[in-house]
Amino acid sequence: MLHGRSVLLVIGGGIAAFKCLDLIRRLREQGARVVPVMTRAASEFVTPLSVSALAGEKVFQELFDLDDEAEMGHIQLSRAADLVIVAPATADLMAKMAQGIGGDLATTLLLATDKPVLIVPAMNVKMWEHPATQRNLETLQGDGIAVVGPDVGNMACGEVGPGRMAEVPTIIEAATDILRNGPLARRHILVTSGPTHEPIDPVRYIANRSSGAQGTAIAQALVALGARVSFVTGPASAPMPAGCDIIQVETAAEMMAAVQAALPADGAVFAAAVADWRVASASDRKIKKDGKGGLPVLEFAENPDILATVSQLEKGRPELVIGFAAETDTVIAHATAKLKRKGCDWIVANDVSPETGIMGGSENAVTVISADAADVWPRMSKDDVARKLAGKIAEVLGDG
Ligand code: CTP
């Protein structure tokens, strides 16, 4: 979700500043660019060198640094980011922000920015509970500034109570929520993708030719429309989509469990090519030749039908459930029967006969079937199918 986004990170002068090093790493892992700004007090707690090394960027510290002004003025710096995070937001920084004081680079940037601001307070419990800080907090929230934390717990000063800086994953979640926009911004959508591998023994398995390309493209297109996407994938060869919660599984049974754990969701797209059968009792040792030319016999058991299970949930069924129908003949008739049998809302039907080159290829030709319509789309790239499908999903689940 933070892929390609830019975060201006204002590091305040408090003991919790050390957590910013991890915050920078995690923000970058999520694909964000982090431009660090440190107050003078912050550099008493963490060194500009470590901040700069982790961010892979120059650290901005001084308002009247002529070089910086020549390269990039403070106004421009405050506007170049998609989001400004202040962490730790000390009582002093909060007070200055609430009063509109801009005496140094950090506070001037905070006054000049036209981007969303997220503050992460951290201070001694008495300072946090002080009426002045609480007044400032109210003022800042009234100004539209988002706040995450503080947490309750043991503090560096030995006291216990609210004042600990929020943990890094919580900060990332808050940042992601702010940056999410688009018609699906408040929606959670589950996507299954890829093949499943059903073990025969520790070294052998049954698989299928799905690359996961269509599922990845759908997840990516939904993220682009602002959705929070849980991406449950089998061992796919396609790259993982950026900005999703990725849950990797091997077998159909694991995929079923991961889907159940990821619910509730507003929508679910079942693009995975799930194995219908598994080997009933996979051997826990490698199956050896018996030396007499005897052949092993594999007995199969049926896998759970994930799409049908979720479609038929009495409680917590997603508002929109979409399945795929990979067929090699009488595509529309088979797919329409599948829609009814499984109980989903739409079926995306495609012809996966080898001559179409669709399975494992980069293009797809689909018909989107619902109870009362069949929408035939021309052959196009899997990315375009994904974008068109995400757009159709947004017509049902989107904000308008
Ligand atoms: N599916 C699923 N769980 C299964 C099998 C299939 O969730 N155990 C989902 C697929 O993700 C897809 C849809 O069901 O969205 C249809 O998959 P497909 O393989 O085309 O159909 P099958 O149910 O396997 O039916 P058939 O083998 O008769 O074609």
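Computed from a predicted structure; not experimentally measured. (Residues numbered from 1 in each chain as written. Predicted model: local features only at pLDDT ≥ 70, side-chain atom pairs only at ≥ 80, totals over all residues. Heavy atoms only, no water.)

Q: Please clarify how the overall build of the chain should be interpreted in this entry.
A: Of the regular secondary structure elements, the chain holds 14 helices and 21 strands. Taken along its principal axes, the extent of the C-alpha atoms in the chain is 80 × 55 × 45 Å. When the 400 residues of the chain are sorted by exposure, 48% land in the buried category. Only carbon and sulfur atoms are counted for the fraction: they give 52% of the accessible area of the chain, which is about 19,200 Å². Averaging the coordinates of the 37 positive side-chain charges in the chain and doing the same for the 48 negative ones gives two points 5 Å apart. (Helix = DSSP H or I, 4+ residues; strand = E, 2+ residues; numbered from the N terminus. Buried < 20%, exposed > 50% of the residue type's maximum accessible area, 1.4 Å probe, protein only. Areas by Shrake-Rupley, 256 points an atom, 1.4 Å probe, with all protein chains shown as cover. Lys, Arg positive; Asp, Glu negative; His and termini not counted. Charge placed at Lys NZ, Arg CZ, Asp CG, Glu CD.)

Q: How should the layout of surface pockets be read in this particular structure?
A: Approximately 1,100 Å³ is the volume found for the largest pocket. Around the largest pocket, the lining comprises 41 residues; the ones closest to its centre are N208, A272, A273, V274 and A326. Of all elements in the fold, only β8 (188–193), α10 (213–224), α12 (306–311), β16 (320–327) and α13 (331–342) reach the threshold of two or more residues within the lining of the largest pocket. The residue inventory of the lining of the largest pocket, partitioned by class, reads 19 nonpolar, 14 polar and 8 charged. In this model, the second largest pocket occupies a volume close to 480 Å³. (1 Å grid on protein atoms, 1.4 Å probe; cavity = no way out; pocket = protein on both sides within 12 Å on 5 of 7 lines; lining within 4 Å. Points joined across faces, edges and corners; volume = space filled by probe spheres on them. Nonpolar A, V, L, I, M, F, W, Y, C, P; charged D, E, K, R; others polar.)

Q: Would you mind showing me how to read the domain arrangement of the chain here?
A: It is common to report an interface's size as the accessible area lost on association of the parts. Structurally, the chain comprises domain 1 (6–180) and domain 2 (188–397). Between domain 1 and domain 2, the C-alpha centre-to-centre distance is 42 Å. (Domains from an automatic or database assignment.)

Q: Just checking my understanding: could you explain the sheet that holds strand β17 (residues 346–351) for this structure?
A: To summarise the sheet geometry, strands pair through backbone hydrogen bonds and adopt either a parallel or an antiparallel arrangement. Pairing is mixed across the open sheet formed by 8 strands, whose spatial order is β12-β11-β8-β13-β16-β17-β19-β20. The open sheet has two edge strands with one neighbour each: β12 (245–248) and β20 (374–376). Along the sheet, successive strands turn relative to each other by an average axial angle of 15 degrees, direction set aside. Across 3 bridges, strand β19 (residues 366–370) lies against β20 in antiparallel orientation. Pairing of I369 across the sheet is with A374, part of β20. (Pairing = 2+ DSSP bridges. Axes fitted to C-alpha atoms, helices over the stretch in contact; angles between N-to-C directions.)

Q: Got a minute to help me understand the side chain of Q214 in this structure?
A: By the secondary structure assignment, Q214 is in helix α10. According to the relative accessible area criterion, Q214 is buried, its value standing at 8%. Engagement of the side chain of Q214 in a polar contact is seen with the side chain of N364, the distance being 3.1 Å. Ignoring any residue separated from it by four or fewer positions in sequence, one finds Q214 in contact with F324, N364, K382, V385 and A386. (Polar contact = N/O pair within 3.5 Å; in protein donor to acceptor, adjacent residues only side chain to side chain. Contact = heavy atoms within 4.5 Å.)

Q: What am I meant to see in the site of the ligand here?
A: In the vicinity of the ligand there are 14 residues, among which F270, A272, F324, K338 and K342 approach most closely. D276 has a polar side-chain atom sitting 2.8 Å from an oxygen atom of the ligand. In the model, a nitrogen atom of the ligand is placed 3.0 Å from a nitrogen or oxygen of the I306 main chain. Within the complex, 79% of the 560 Å² of free accessible area of the ligand lies under protein. Of all elements in the fold, only α12, β16 and α13 reach the threshold of two or more residues within the shell around the ligand. When residues in the shell around the ligand are grouped by element, the largest group, 4 residues, is from β16. Of the residues in the shell around the ligand, the class split is 9 nonpolar, 1 polar and 4 charged. (Near = heavy atom within 4 Å.)

Q: Explanation requested: the side chain of E327 in the structure shown.
A: Examined against the element boundaries, E327 turns out to sit in strand β16. Not counting the four nearest positions on each side in its chain, E327 is found in contact with H334, A335, K338, N350, D351, V352 and S353.

Q: I tried to follow the packing of helix α5 (residues 91–99) against helix α8 (residues 131–142) on my own but got confused; where do I start?
A: Geometrically, a packed helix pair is captured by the angle between its two axes and the distance between the axes. Between α5 and α8, whose axes approach to 9 Å, the crossing angle comes to 50 degrees. Regarding the angle of α5 to α8, the classification is oblique. Helix-helix and strand crossings are classified by hand; for α5 and α8 the assignment is left-handed. Contact residues: A91, M94, A95, M97, A98 and Q99 in α5; T133, N136, L137, T139 and L140 in α8. Split by residue class, the contact of α5 with α8 holds 7 nonpolar, 4 polar and no charged. (Parallel < 35°, antiparallel > 145°, perpendicular 65-115°, else oblique. Left-handed = near helix turned anticlockwise from the far one by under 90°.)

Q: Help me understand the pairing of strand β11 (residues 228–233), please; the structure alone is not making it clear to me.
A: When a strand is regular, its side chains alternate between the sheet's two faces. Most of β11 is tucked away, with 5 of its 6 residues classed as buried. When β8 meets β11, the two strands line up parallel, connected through 6 bridges. In the strand pairing of β11, T192 is matched with V232. One ladder, built from 4 bridges, connects β11 with β12; its direction is parallel. Opposite F231, over in β12, you have I246 as the bridge partner.

Q: Looking at this structure, how should I read the pattern of salt bridges?
A: Close approach of charged atoms lets side chains of opposite charge pair. Counting across every chain of the model gives 21 salt bridges. For R204, the salt bridge identified is with D201, shortest N-O distance 2.5 Å. By relative accessible area, which is 2% here, D201 ends up buried. With a closest N to O distance of 2.9 Å, D384 and R387 form a salt bridge. Placement of the pair is D384 and R387 together in helix α14 (residues 382–397), with a separation of 3 residues, close to one helical turn. Overall, the relative accessible area of 51% leaves R387 in the exposed class. Overlapping salt bridges bring together K19, R164 and E167 as one network. (Salt bridge = Lys/Arg side-chain N within 4 Å of Asp/Glu carboxyl O.)

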